Amino acid sequence: MKERQDAKEELRAQIWLPADTSRRLRAIATRAGLRPEQVLAQLADHAMMHEDGSLTVAPFTTTRSPLNPVLSSRRLPLERVTA
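Only a predicted model underlies this, so the values are computations on that prediction, with no experimental measurement involved. (Residues numbered from 1 in each chain as written. Predicted model: local features only at pLDDT ≥ 70, side-chain atom pairs only at ≥ 80, totals over all residues. Heavy atoms only, no water.)

Chemist: An account of the overall build of the protein is needed here, citing residue identities and associated values.
Modeler: From N to C terminus, the protein includes three helices and two strands. What you see in the protein, going N to C, is helices and strands ordered as α-α-α-β-β. Counted over contacts in the protein with a minimum sequence separation of 6, partners at least 24 positions apart contribute 52%. When the accessible surface of the protein is split by element, carbon and sulfur atoms take 54% of a total near 7,200 Å². (Helix = DSSP H or I, 4+ residues; strand = E, 2+ residues; numbered from the N terminus. Contact = heavy atoms within 4.5 Å. Areas by Shrake-Rupley, 256 points an atom, 1.4 Å probe, with all protein chains shown as cover.)

Chemist: Outline helix H2 (residues 19-32), listing residues and values.
Modeler: In a regular helix each residue adds 1.5 Å, so 14 residues correspond to 20 Å; H2 covers 20 Å between its end C-alpha atoms and thus fits that length. Those residues of H2 lying buried are Thr21, Ser22, Leu25, Ala29 and Ala32. Along H2, the residues classed as buried sweep out an arc of 100° about the axis, all on the same side. Set apart from the buried face of H2 by more than 90 degrees, the exposed residues are Arg23, Thr30 and Arg31. Buried residues belonging to H2 abut helix H3 (36-46). (Expected span 1.5 Å × (residues − 1). Buried < 20%, exposed > 50% of the residue type's maximum accessible area, 1.4 Å probe, protein only. Arc of directions from axis to C-beta.)

Chemist: Give me the environment of Val57: which residues, what numbers.
Modeler: If you trace the backbone, Val57 turns up in strand E2 (residues 55-57). C-alpha separation for the pair Val57 and Leu43, spaced 14 residues apart in sequence, amounts to 7.0 Å. Val57 has contacts with Leu43, His46 and Ala47, leaving out every residue within four places of it along the chain.

Chemist: Which residues make up the confidence of the model for the protein, and what are the values?
Modeler: When pLDDT drops low, the exact placement of atoms in the prediction is not to be read closely. When pLDDT is averaged along the protein, the result is 80; 71% of the residues meet or exceed 70. Confidence drops under pLDDT 50 across residues 67-83; counting only partners more than four residues distant or on other chains, this segment forms 30 contacts. (pLDDT = per-residue confidence, 0-100.)

Chemist: Explain the packing of H2 against H3 to me, using residue names and the numbers behind them.
Modeler: Two elements in contact, H2 and H3, have axes whose closest approach is 8 Å; the angle formed by their N-to-C orientations is 90°. Taken together, the axes of H2 and H3 lie roughly perpendicular to each other. For the pair H2 and H3, the contacting residues are Leu25, Arg26, Ile28 and Ala29 in the first and Pro36, Val39 and Leu40 in the second. In terms of residue class, the contact of H2 with H3 is built from six nonpolar, no polar and one charged. (Axes fitted to C-alpha atoms, helices over the stretch in contact; angles between N-to-C directions. Parallel < 35°, antiparallel > 145°, perpendicular 65-115°, else oblique. Nonpolar A, V, L, I, M, F, W, Y, C, P; charged D, E, K, R; others polar.)

Chemist: Provide a residue-level description of the environment of Ala32, including the pertinent values.
Modeler: Along the chain, Ala32 turns up in helix H2. Ala32 has contacts with Thr62 and Arg64, leaving out every residue within four places of it along the chain.

Chemist: Lay out the nonpolar core with the relevant residues and their values.
Modeler: Formed by Leu25, Ala29, Ala32, Leu34, Val39 and Leu40, the largest nonpolar core amounts to six residues. Of all elements in the fold, only H2 and H3 reach the threshold of two or more residues within this core. Among the elements that make up this core, the one with the highest residue count is H2 (three residues). (Core = buried A, V, L, I, M, F, W, Y, C linked by side-chain atoms within 4.5 Å.)

The structure is reproduced here in structure tokens:
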């Protein structure tokens, strides 16, 4: 039953990123031994939204999960965020 609830809460998104952002994401994923979507899922898991609307991600170490290659139970819609 929990699996069905989790499936209802999952988000499947298709995004288009600028070429420079795509290259940077692929390079990060390659260095971490992950797929780009896994890096994005981990970034979303670590992102914090502040009261003023700013979004931050504290430094973290990427991880690989043998049970769930997507690595995320919480997924947020992702947009390009500029600093």
